[in-house]
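# Survey of secondary and tertiary structure
What follows is the residue order along each chain.
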Amino acid sequence: MRLEESISLEARYWTSRTQAVACPLRGARRLDGINFHFSQAGLFDKGYRDLPAQLSRPELMQVTLNFVRNCDRVFRLQAALVNVVINSIWLMRVDRELRLKLSIPFDENDATKIPGYTEDAQVELTKLLDERKSEGYKWSSHWDVGANAIEQYMTLGMLDEEGIVAVLSSMIVGGWMCFESLASDLWLQMVNMFPKPLAGNVLAGKVPPVGESTQREQKSLSMDVFEQYGFNLSSHMGDILFEQKKVSFSSLKTITAAYRNAFVSDLPNDIFPRDTLERLEALRNLYAHRGGKVDLIFKRRWRNIETIHPLEIGQNYVATGDIVREHMDSVVKTGSDLIRFAEKWINAQPGGAGSQQHLGVPST
């Protein structure tokens, strides 16, 4: 029997066993019978994992690796919980089989006292884990079984739905962090490497500056900045512009402006998909600053967007797995597009097909 079939059978067995005893738990707090589509959250595009191998510019490797790790952290927020469920199913399966093999009564609470039990259990569990590890991230039906078991536990009132909401909302907050950190790190790296023309574009104000800053303010730098970097600003202009608040990465609007100011017409118009990224930003702000309670700003940003319940001011917004997946797909695509744009832009510079040294920029 294939491993995923075994897991599925075990999941159905133990779910049917729990249904008989779940009635006393049905009084647990419910969220209006919402289908969380929990399994969907972690099924977002994993193409970001291929980026390091595809990278043609080694000077962008660290920024790319950080993006990959951050996206994986979002995935593992859910994967850890699904893994616990699947491993529990395995543990119960091994326990039942060993009790039958060693004639251990099912009402014996501590089977580890029985000679041979612990050793045999370790062997069987190691086999299961090794088989699972060999499949890498191709979870397929394993993932569905674990995630769907969690959905069934919620239906039976056996699992705290607020905990599930916390996992999904944390994935959303983490998703925005993936985009925001990549956008800022990549911009700083590129402007540090290419102060001419990128820093020059920002200081020249070829694109209208953000906020209330005047053209004169955009061009001025204080003497202490020069002293801080020993009057050698050639490889620190990105850092300096950020420290001097000439650019900001605190919102989608300021991130877009920072890239437009630096790259001007070279930047593709559609590289930042406003529809999904604006909604992701709104969700992140809702959970990070409003405790998940709908406010007027959020309601306006989500107008004409279908939701699982009406958006009433002061109501707790409930994220679902398909919402997480949609927005993480957008983060992965945008991040990948940004990295590829940076590669293409570097290669288009004089000598760009060569090494970093051939471009005449300092090593990082």
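Read on for an overview of the structure. Quick caveat: nothing in here was measured; it's all calculated off a predicted structure. (Residues numbered from 1 in each chain as written. Predicted model: local features only at pLDDT ≥ 70, side-chain atom pairs only at ≥ 80, totals over all residues. Heavy atoms only, no water.)

## Examining the overall build of the protein
Just so we agree on the cut-off: Note on conventions: DSSP H or I runs of at least 4 residues are helices, E runs of at least 2 residues are strands, and numbering of each starts at the N terminus. We call a residue buried when its accessible area falls under 20% of the maximum for its residue type, exposed when it is over 50%, and partly exposed in between, using a 1.4 Å probe and counting protein chains only. Here, two residues are considered to be in contact whenever any of their heavy atoms come within 4.5 Å of each other. All accessible areas in this document rest on Shrake-Rupley with a 1.4 Å probe, and a residue is counted as covered only by the protein chains that are shown.
Secondary structure assignment for the protein yields 14 helices and zero strands. Overall, the protein shows an N-to-C arrangement of helices and strands of α-α-α-α-α-α-α-α-α-α-α-α-α-α. The burial tally for the protein puts 46% of its 364 residues in the buried class. Within the protein, residue pairs in contact and separated by at least 24 positions form 71% of the contacts whose partners lie at least 6 positions apart. Counting only carbon and sulfur atoms, one obtains 53% of the accessible surface of the protein, whose full area is about 18700 Å².

## Regarding the nonpolar core
Stated formally: What is meant by a nonpolar core is a set of buried Ala, Val, Leu, Ile, Met, Phe, Trp, Tyr and Cys residues, joined one to another through side-chain atoms within 4.5 Å.
Counting residues in hydrophobic clusters, the biggest one holds 95 residues, and the most contacted among them are Trp187, Tyr259, Phe272 and Tyr317. Broken down by element, the residue count for this core peaks at 17 residues, all from helix H6 (residues 161-193). When sequence neighbours within four positions are dropped, the list of residues in contact with tryptophan 187 reads Val202, Gly238, Leu241, Val247, Phe249, Ala258, Tyr259 and Ala262.

## Quick word on the packing of aromatic side chains
This is how the line gets drawn: Any two of the Phe, Tyr and Trp rings considered here, Trp counted by its six-membered ring, make a pair once their centres fall within 6.5 Å; the pair's planes then place it as stacked at under 30 degrees, edge-to-face at over 60, or tilted in between. Here, over-ring charges are defined by two tests on the NZ atom of lysine or the CZ atom of arginine: distance to the ring centre within 6 Å, and angle to the ring normal within 35 degrees.
Inspection of the entire model under this criterion finds 12 aromatic pairs. On the basis of an interplanar angle of 80° and a centroid distance of 5.1 Å, the ring pair of phenylalanine 194 and tryptophan 345 is categorised as edge-to-face. Here tryptophan 345 lies in helix H14 (residues 321-347) and phenylalanine 194 lies in the loop between H6 and helix H7 (195-204), a separation of 151 residues in the sequence. Look at tryptophan 345 and you get buried, because its relative accessible area is 6%. Centre to centre, the rings of phenylalanine 242 and phenylalanine 249 are 5.7 Å apart; their planes meet at 35°, and the pair counts as tilted. We classify phenylalanine 249 as buried; its relative accessible area is 5%. Aromatic ring contacts, followed pair by pair, group Trp176, Phe179, Phe194, Tyr259, Phe263, Phe272, Phe341 and Trp345 into a single cluster. The aromatic ring of phenylalanine 44 is capped on one face by lysine 46, whose charged end is 4.3 Å from the ring centroid. Residue placement shows arginine 49 over the ring face of phenylalanine 75; its charged tip is 5.4 Å from the ring centre.

## Some words on helix H12 (residues 274-289)
Condition: Multiplying one less than the number of residues by 1.5 Å gives the expected span of a helix.
A rise of 1.5 Å per residue sets the reference length of H12, with its 16 residues, at 22 Å; its end C-alpha atoms lie 21 Å apart and thus fit the reference within 8%. Residues of H12 that are buried: Thr276, Leu277, Arg279, Leu280, Glu281, Ala282, Leu283, Leu286 and Tyr287. Where H12 is buried, its residues touch H6, helix H11 (252-263), helix H13 (296-301) and H14.

## A look at unusual backbone geometry
A cis amide bond links lysine 196 to the next residue, proline 197, at an omega of 15°. Relative to the helices and strands, proline 197 resides in helix H7. The backbone phi angle of histidine 37 is positive, close to 45°, even though this residue is not glycine. With respect to the helices, strands and loops of the structure, histidine 37 is situated in the loop between helix H1 (3-19) and helix H2 (51-54). Judged by relative accessible area, which is 34%, histidine 37 ranks as partly exposed. At lysine 245, a position not held by glycine, the phi torsion is positive, near 60°. For lysine 245, a relative accessible area of 68% translates into the label exposed.

## Notes on the pattern of salt bridges
Filter applied, for reference: Here, a salt bridge means any side-chain nitrogen of Lys or Arg that lies within 4 Å of a carboxyl oxygen of Asp or Glu.
The final tally for this structure, using the stated rule, is 10 salt bridges. Between lysine 101 and aspartate 120 there is a salt bridge, with its nearest N and O atoms 3.5 Å apart. Of the two residues, lysine 101 sits in helix H3 (residues 61-101) while aspartate 120 sits in helix H4 (residues 117-134), which places them 19 residues apart along the sequence. Across the pair glutamate 326 and arginine 279 runs a salt bridge, and its minimum N-O distance is 2.6 Å. Of this pair, glutamate 326 sits in helix H14 while arginine 279 sits in helix H12, and the two are 47 residues apart along the sequence. Assessed through its relative accessible area of 36%, glutamate 326 is described here as partly exposed.

## Brief notes about the layout of surface pockets
Keep this limit in mind: Using protein atoms alone on a 1 Å grid, points that fit a 1.4 Å probe yet trap it form a cavity, whereas open point sets bounded by protein on both sides within 12 Å along at least five of seven lines form a pocket; residues with an atom within 4 Å of a point count as lining. Grid points are joined across faces, edges and corners, and a volume is the space filled by probe spheres set on the points. Lys, Arg, Asp and Glu make up the charged group, whereas Ala, Val, Leu, Ile, Met, Phe, Trp, Tyr, Cys and Pro make up the nonpolar group; the residues left over, Gly among them, are polar.
In this structure, the second largest pocket encloses a volume near 190 Å³. Taken together, Leu252, Lys253, Thr256, Arg260, Asn269, Phe272, Arg274, Glu278, Glu281 and Arg301 form the lining of the second largest pocket. Every element with two or more residues in the lining of the second largest pocket is listed here: H11 and H12. Ranked by residue count, the leading element in the lining of the second largest pocket is H11, at four residues. Across the lining of the second largest pocket, the residue classes break down as two nonpolar, two polar and six charged.

## Observations regarding the side chain of threonine 334
Along the chain, threonine 334 falls in helix H14. Those residues in contact with threonine 334, other than ones at most four positions away along the chain, are Phe179, Ile271, Phe272, Pro273 and Leu277.

## Some thoughts on the environment of serine 251
Relative to the assigned elements, serine 251 resides in the loop between helix H10 (237-243) and H11. For the pair serine 251 and alanine 282, spaced 31 residues apart in the sequence, the C-alpha separation amounts to 10.0 Å. Those residues within four positions of serine 251 in sequence are excluded, and the remaining contacts are Trp176 and Glu281.

## What to know about the packing of H6 against H7
Rules: Between N-to-C directions, angles span 0 to 180 degrees; the directions come from axes that are lines fitted to C-alpha atoms, helices contributing only their stretch in contact. Oblique is the label for every angle not falling under 35 degrees (roughly parallel), over 145 degrees (roughly antiparallel), or within 65 to 115 degrees (roughly perpendicular).
Running from amino to carboxyl end, H6 crosses H7 at an angle of 115°, the nearest separation of the two axes being 6 Å. The angle between H6 and H7 places the two elements in the roughly perpendicular class. Mapping the contact onto sequence places Trp187, Met190, Val191, Asn192 and Met193 in H6 and Pro195, Leu198, Ala199 and Val202 in H7. The residue makeup of the contact of H6 with H7, split by class, is eight nonpolar, one polar and no charged.

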